[in-house]
Amino acid sequence: MHTVLITGGAGFIGQNLVHAWRDARPSDRLVVIDAMTYAANLRSLEPLIAERSIAFVRGDINDAALIRALFDEHRFTRVAHLAAESHVDRSIDDPEAFLQTNVLGTFTLLKSALDHWREAALLDRSRFLHVSTDEVYGSLGLDDPAFTEASPYRPNSPYAASKASSDHLVRSFVATYGMPALITNCSNNYGPYQHPEKLIPLMIIHALEGKPLPIYGDGSNVRDWLHVSAHCEALINVIERGRVGETYNIGGGNERNNRDVVGLICDTIDRAFVADSGLSARFPACPAASGKACRSLISFVTDRPGHDHRYAIDARKLESELGSRSHVDFSDGIGRTVHWYLDHEPWWRDITSGAYEAWIDRNYGARSVIQAKNLRA
Ligand code: NAD
Ligand code: DAU
């Protein structure tokens, strides 16, 4: 039995991890810390907090005194560190918060955990899992082999550079102080509770609202899509069974370019409207409500600066050492995700009705439309 600190537990992957952890290891005690930035949402955790099956602390990982007090109170022997600024476009718009949280916040957390585990003689039975990204490895050409754990670090965005810095800090704590830490570098997640700023939910919600679907550049950029449920299963496996000091890559085995991802989302929504006549009344601005194709909303806009062309993960180390091989078929995963957003309209309306609008204006208002196109299947 462990007491687990999950940082960033009110974010997209964090919320999914809390639920997955409770299912996988029901006797562990979970404490979530989250600063409740724009990206956080407590809706799915509220019942667990109310029935006291998890504890929630609103707080900043940069607050060393708070973090130490939490370690002294709960004597955590597991830390799953997910708190971060996570959106690449925001890191281009305003990088400072990324350095503060992703680099300095990670340092504060590492130091507090190390100090506590040393003083309480808990180093041997404790584990610190640092959740990082494939973006630290930079960009691949279409024919390059996928990233392995030995790929060189070549971050291209301020976000990726901040995550790379945090990975280096974790590694240095392992080598220098014997910190019992492990690092995971995963590919693009998708699934329930993802903030609508990210590609997949943004496209689903824009299509339902009849708004343009803004694909950056020519849409040929490739990502390796990992369903968040498979990611969370792998994270628990790594923290419990992985080797201290090691890095494990986690991928989805679903490489797709952005044109294909958006096309698949459009077709999935079109079919959902045919199957459920009630959707047309709920989303009258969606082209599918009047029998048109959602692909008619696709619009190619100015590219993201420094846009990495391709990410792909070689997950053989995870599979061979830990037997982790959870695979979610991409069409099936997108189908379930589209239906999740259809079924959780109040959840995303709460987000899109607020400050989110200001971000959309800032990020997309300045981009010129290169081409609006009805992308064919
Ligand atoms: P997210 O943006 O949805 O959630 C991040 C959470 O961290 C939010 O709830 C936010 O309030 C919290 N947070 C931010 N700053 C904080 C601070 N100073 N103190 C405490 N909490 C703070 O991100 P996500 O998509 O859930 O990603 C989780 C982690 O996984 C991040 O470290 C990210 O870099 C990594 N990751 C994400 C993906 C992906 O596709 N989403 C892929 C690879 C790696
Ligand atoms: O690879 C892992 C990373 O995946 C994580 O570390 C990041 O936290 C996460 O945000 C994600 O980064 P990406 O930049 O790949 O994700 P995003 O959803 O922002 O974009 C996915 C692709 O879609 C990317 O090629 C950019 C493109 N895109 C994105 C948006 C928001 C568009 O074409 N149009 C858009 O409006």
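Residues numbered from 1 in each chain as written. Chains lettered and ligands numbered in written order. Predicted model: local features only at pLDDT ≥ 70, side-chain atom pairs only at ≥ 80, totals over all residues. Heavy atoms only, no water.

**Things to note about the domain arrangement of the chain**
Logical step 1: If you check the domain split of the chain, you get domain 1 (3-193 + 226-255) and domain 2 (199-219 + 256-306 + 331-372).
Logical step 2: At the junction of the two partners, domain 1 supplies 16 residues and domain 2 supplies 19 residues.
Logical step 3: Together, the buried faces of domain 1 and domain 2 total about 1600 Å²; carbon and sulfur atoms form 52% of this surface.
Logical step 4: Contact with domain 2 buries area across many residues of domain 1, yet Asp89, Tyr190 and Tyr193 alone supply 33% of it, more than any other trio.
Logical step 5: A salt bridge links Arg304 to Asp89; the nearest nitrogen and oxygen atoms lie 2.8 Å apart.
Logical step 6: Joining domain 1 to domain 2, the criterion identifies 5 residue pairs in polar contact (both at pLDDT 80 or more).
Logical step 7: Looking at the side of domain 1 that touches domain 2, the element that brings in the most residues is helix α4 (residues 88-93), giving 5 residues. (Domains from an automatic or database assignment. Contact = heavy atoms within 4.5 Å. Buried area = accessible area lost by both parts, 1.4 Å probe. Salt bridge = Lys/Arg side-chain N within 4 Å of Asp/Glu carboxyl O. Polar contact = N/O pair within 3.5 Å; in protein donor to acceptor, adjacent residues only side chain to side chain. Helix = DSSP H or I, 4+ residues; strand = E, 2+ residues; numbered from the N terminus.)

**A short note on the pattern of salt bridges**
Logical step 1: All told, the structure shown has 23 salt bridges when counted by the stated rule.
Logical step 2: For Glu240, the salt bridge is made with Arg25, and the minimal N-O distance between the two is 3.7 Å. With Glu240 in helix α8 (residues 228-241) and Arg25 in the loop between α1 (12-24) and β2 (29-34), this pair connects stretches of sequence that are 215 residues apart.
Logical step 3: Overall, the relative accessible area of 24% leaves Glu240 in the partly exposed class. (Buried < 20%, exposed > 50% of the residue type's maximum accessible area, 1.4 Å probe, protein only.)

**Overview of the nonpolar core**
Logical step 1: Grouped together as the largest cluster of nonpolar side chains are 77 residues, with contacts concentrated most on Ile6, Leu17, Trp21, Ile200 and Ile269.
Logical step 2: Contacts of Leu17, omitting those with residues within four sequence positions, involve Ile6, Ala80, Leu82, Cys232, Leu235 and Ile236. (Core = buried A, V, L, I, M, F, W, Y, C linked by side-chain atoms within 4.5 Å.)

**Remarks on the sheet that holds strand β5 (residues 127-133)**
Logical step 1: Ordered by their spatial adjacency, 7 strands build an open sheet running β3-β2-β1-β4-β5-β6-β11, and the pairing between neighbours is parallel. Each edge of the open sheet is held by one strand with a lone partner, namely β3 (54-58) and β11 (247-250). Mean inter-strand twist for the sheet, computed between neighbouring axes without regard to direction, equals 20°.
Logical step 2: The pairing of strand β4 (residues 78-81) with β5 spans 4 bridges and is classified as parallel. Each bridged residue has a counterpart across the sheet, and for Arg78 the counterpart in β5 is Arg127.
Logical step 3: In this fold helix α6 (residues 158-177) packs onto β5 and β6 (181-186), with an angle of close to 155° to the strand it touches most, β5. (Pairing = 2+ DSSP bridges. Axes fitted to C-alpha atoms, helices over the stretch in contact; angles between N-to-C directions.)

**Some remarks on the packing of aromatic side chains**
Logical step 1: For the coordinates displayed, the defined rule picks out 18 aromatic pairs.
Logical step 2: When the ring of Tyr137 is compared with that of Tyr153, the centres are 5.6 Å apart and the planes differ by 85°; the resulting orientation is edge-to-face. Here Tyr137, found in the loop between β5 and α6, pairs with Tyr153, found in the loop between β5 and α6; they are 16 residues apart in sequence, far enough to count as distant.
Logical step 3: Residue Tyr137 is classed as buried on the basis of its relative accessible area, which comes to 3%.
Logical step 4: Looking at Tyr153, the relative accessible area reads 27%, which means it is partly exposed.
Logical step 5: On the basis of an interplanar angle of 75° and a centroid distance of 6.3 Å, the ring pair of Tyr341 and Trp347 is categorised as edge-to-face. (Phe/Tyr/Trp six-rings, centres within 6.5 Å; stacked < 30°, edge-to-face > 60°.)

**Let's talk about the site of ligand 1**
Logical step 1: Taken together, the neighbourhood of ligand 1 is formed by 29 residues, with Ile13, Asp34, Ser86, Tyr159 and Lys163 sitting nearest.
Logical step 2: Contact distances for ligand 1 include 3.0 Å between a nitrogen atom and a backbone N or O atom of Ile61.
Logical step 3: Lys163 is positioned with one of its side-chain polar atoms (N or O) 2.7 Å from an oxygen atom of ligand 1.
Logical step 4: In isolation ligand 1 exposes 830 Å². Once the protein is present, 96% of that is buried.
Logical step 5: No other element matches the 3 residues that β5 contributes to the shell around ligand 1.
Logical step 6: Looking at the shell around ligand 1 residue by residue, the class counts come to 14 nonpolar, 12 polar and 3 charged. (Near = heavy atom within 4 Å. Areas by Shrake-Rupley, 256 points an atom, 1.4 Å probe, with all protein chains shown as cover. Nonpolar A, V, L, I, M, F, W, Y, C, P; charged D, E, K, R; others polar.)

**A short note on unusual backbone geometry**
Outside of glycine, negative phi angles account for most residues, and trans bonds account for most peptide bonds.
Logical step 1: In this structure, Met36 takes a positive phi of about 55° despite not being glycine.
Logical step 2: Within the secondary structure layout, Met36 lies in the loop between β2 and α2 (46-50).
Logical step 3: On the basis of relative accessible area, Met36 is assigned to the partly exposed category, the value being 21%.

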